[in-house]
Amino acid sequence: MKAHAPCIAVSGLHRGENPQPGAGIIRSLRRRFPDAFVVGLSYDVMESGIYAEDGPDEVHLMPYPAAGGAALLDRIDAIRKRTPFDLFIPTLDAEIEVFASLRRELAQRGIAVCLPSIDVLKRRAKQYLPALAALCGVRVPETCLASDVATACQAGSELGYPLVVKGPYYDAKIVHHAAQLSTAAGHLLSEWGHPVILQRLISGSEFNVLGLGDGDGGWLGHCCIRKTQLSDKGKGLSGITVADARLSSLCARLVRELKWPGPFEIELIREETTGDYVLIEINPRFPAWIDFPSMLGANFAAALIDLLQHGCPPGPVPDCPPGSFYIRHQIEVVGDLNRYAELLKGEPNALPSLLDEPASSKTKSFA
Amino acid sequence: MTTILENLLLNDRGIAFDPASGETYRLVGPAVQLVRLLQKGADDAALLQYLLEEYDVDESTARRDLDVFLGTLEQMKLWEAAP
């Protein structure tokens, strides 16, 4: 590790069918900070980014976020005894809420993160989105919440089909009748807990807007794309930059209302029949396509580091010109069993006692 | 009247891009120049004149092809005929 080079921890290293943002963030960081030392925080030894040539300089296993804040802090303390990172970019929905509740503890340790308060985080959660959208003059799909299958089916008959059923954090399914809804809601409730969110299906093109809020109601930049190819699971396999003042203005209103600090991704659908943008989700993190604008000169990950280190970047993140597109390109990375074993044992992290428990469970999943 | 067509970004290879919607269109043959002329505000007579000057075609054929082209633009909500 070079003296004075930033030492940055990044999570969410997997890039597969449903890629996480961490690997793209690391690529963006290296573009601007080639000497940066990047610490990968991984929840699974099979996260592909661990083994990528342009991946993190070292990787440490973390307990799952469900283990709670104390367990995460213990692990971070142990990791920092070896590698004292002072900048942290969490990237996974499931961990953001936990780390947002630990902002003070992280600050006390000298770890800079850019996360909203729990209250602000809650306001953009799926179940509270209609209230936020109403304040901002933004359309959302007609939405109902349900905590059990019977209530979900009742809500389904009121909303009408087809519907999108979502878990509170992950997963969404389109259902066309009550039987499908019952199965999907039951699965989501058992997998992710309550509530399930039911929304009327909006037909149209999907748009994503990523950006970096300044915490005072403004932003340091944003980049809008239309998804041009979707996977079976609705993930964007390709996208093209767009410039629509109506879309930017709508997103600016949301960021202003929330005084959002740090990375965000806003997901919308432009309704085919009306041309209206309909708000679907606000994610409290960068998306997996974060490195795309970076390749166009709009390096949001680097701007976040500037924000964390100096309070503000040297200037706004430049706009991306409309008409540039990305295509997701998956390649194989070579995993080495020695590396795999070292991670499980906690070497070279020298944290064997801390890694024993997750390692055993992860060995089973690997087998 | 402002139409989507006026804002289309057009390259020399016949790819038109709507920067607001993110939609792309492939234009072939005389369509590239016809769109360029429409963006400059050319009227129906000027478009017809262009086809007659640049292509070996009689007026009735040019008229028919132009109507089909403009109809397609209208159908795609890219352009509207002057009332």
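Just so we're clear, the structure is a prediction, and the values are computed from it rather than from any experiment.

Basis of the calculations
- Residues numbered from 1 in each chain as written.
- Chains lettered and ligands numbered in written order.
- Predicted model: local features only at pLDDT ≥ 70, side-chain atom pairs only at ≥ 80, totals over all residues.
- Heavy atoms only, no water.
- Contact = heavy atoms within 4.5 Å.
- Buried area = accessible area lost by both parts, 1.4 Å probe.
- Salt bridge = Lys/Arg side-chain N within 4 Å of Asp/Glu carboxyl O.
- Polar contact = N/O pair within 3.5 Å; in protein donor to acceptor, adjacent residues only side chain to side chain.
- Helix = DSSP H or I, 4+ residues; strand = E, 2+ residues; numbered from the N terminus.
- Nonpolar A, V, L, I, M, F, W, Y, C, P; charged D, E, K, R; others polar.
- pLDDT = per-residue confidence, 0-100.
- Phe/Tyr/Trp six-rings, centres within 6.5 Å; stacked < 30°, edge-to-face > 60°.
- Lys NZ or Arg CZ within 6 Å of the ring centre and 35° of its normal.
- Pairing = 2+ DSSP bridges.
- Axes fitted to C-alpha atoms, helices over the stretch in contact; angles between N-to-C directions.
- 1 Å grid on protein atoms, 1.4 Å probe; cavity = no way out; pocket = protein on both sides within 12 Å on 5 of 7 lines; lining within 4 Å.
- Points joined across faces, edges and corners; volume = space filled by probe spheres on them.
- Buried < 20%, exposed > 50% of the residue type's maximum accessible area, 1.4 Å probe, protein only.

Focus: the interface of chain A and chain B
On the side of chain B, eight residues touch chain A, which itself brings 12 residues to the contact. Together chain A and chain B conceal approximately 640 Å² of surface at their shared face, both sides included; 52% is due to carbon and sulfur atoms. When residues of chain A are sorted by the area they lose upon contact with chain B, A:Arg226, A:Arg270 and A:Pro322 head the list and together hold 48% of the total. Seen at the junction of chain A and chain B, the total is one salt bridge. Linking B:Glu23 and A:Arg226 is a salt bridge whose minimum nitrogen-to-oxygen distance equals 3.5 Å. The interface formed by chain A and chain B contains three residue pairs in polar contact (both at pLDDT 80 or more). Sorting the residues of the side of chain A that touches chain B by element identifies β9 (204-214) and β11 (236-242) of chain A as the ones contributing at least two each. Broken down by element, the side of chain A that touches chain B gets its largest block of residues, three residues, from β11(A). Residue composition of the side of chain A that touches chain B, by class: six nonpolar, three polar and three charged.

Quick notes on the confidence of the model for chain A
Per-residue confidence for chain A averages 90 on the pLDDT scale, and 93% of its residues sit at or above 70. With pLDDT under 50 throughout, residues 347-367 of chain A is counted as low confidence; its partners more than four residues away or in other chains account for 36 contacts.

Examining the packing of aromatic side chains
Residue and element names in this part refer to chain A. Following the criterion strictly, the structure yields eight aromatic pairs over all chains and no others. For the ring pair Trp219 and Phe264, a centre distance of 6.3 Å and an interplane angle of 25 degrees mean the geometry is stacked. Taken together, the residues Trp219 in strand β10 (residues 219-230) and Phe264 in strand β12 (residues 261-271) connect sequence positions 45 residues apart. Following the ring pairs from residue to residue traces out a cluster consisting of Phe85, Phe88 and Phe99. Directly above the aromatic system of Phe85 lies the positively charged group of Arg80, at a separation of 5.7 Å from the ring centroid.

With respect to the sheet that holds strand β5 (residues 143-146) of chain A
Residue and element names in this part refer to chain A. Across the sheet, four strands lie side by side as β5-β8-β6-β7; this open sheet has antiparallel pairing. Each end of this open sheet is capped by a strand with a single partner; those strands are β5 and β7 (172-175). For this sheet the average axis-to-axis angle between neighbouring strands, irrespective of direction, equals 25 degrees. Bridge analysis of strand β6 (residues 163-166) against strand β8 (residues 196-200) gives four bridges, and the strand direction is antiparallel. Residue pairing for β8: Val165 is matched across the bridge by Leu198.

Examining empty space enclosed by the protein
Residues and elements named next belong to chain A. Evaluation of the coordinates by the stated rule reveals two cavities of 30 Å³ or more. In this structure, the largest cavity spans a volume of roughly 70 Å³. Lining of the largest cavity is provided by 14 residues; of these, Pro90, Cys114, Leu115, Pro263 and Pro284 occupy positions nearest its centre. At three residues, β12 tops the list of elements feeding residues into the lining of the largest cavity. Its residues assigned to classes, the lining of the largest cavity shows 12 nonpolar, one polar and one charged. Taken as a whole, the second largest cavity holds about 40 Å³ of empty space. In terms of lining residues, the second largest cavity is bounded by Leu254, Val255, Leu258, Trp260, Phe264, Ile266 and Ile282.

Remarks on the sheet that holds strand β4 (residues 87-89) of chain A
All names here are of chain A. Taken in spatial order, the four strands line up as β3-β2-β1-β4 in an open sheet, and their pairing is parallel. Where the open sheet ends on each side, the last strands, each with one partner, are β3 (58-61) and β4. Averaged over all neighbouring strand pairs, the angle between strand axes comes to 25 degrees, with direction disregarded. Note that strand β1 (residues 7-11) and β4 share three bridges and pair parallel. The residue of β4 that forms the bridge with Ile8 is Leu87. Sheet strands in contact with helix α2 (residues 69-82) are β2 (37-42) and β3, and its direction is about 150 degrees off that of β3.

Describing helix α2 (residues 31-39) of chain B
Looking at α2(B), one finds that the buried residues are B:Ala31, B:Val32, B:Leu34, B:Val35, B:Leu37 and B:Leu38. Note on α2(B): the residue one or two positions beyond its end, B:Gly41, has a positive phi of about 90 degrees.

Looking at the pattern of salt bridges
Scanning all chains against the criterion turns up 22 salt bridges over all chains. A salt bridge links A:Asp93 to A:Arg285, with the nearest nitrogen and oxygen atoms 2.7 Å apart. In this pair, A:Asp93 is assigned in helix α3 (residues 93-100) and A:Arg285 in the loop between β13 (277-283) and α10 (291-295), connecting sequence segments 192 residues apart. The same class applies to A:Asp93 and to A:Arg285, which are both buried. The salt bridge involving B:Asp65 is made with B:Arg64; its shortest N-O contact spans 3.4 Å. One connected set of salt bridges, linked through shared partners, spans A:Arg139, A:Glu142, A:Arg200, A:Glu271 and A:Asp276.

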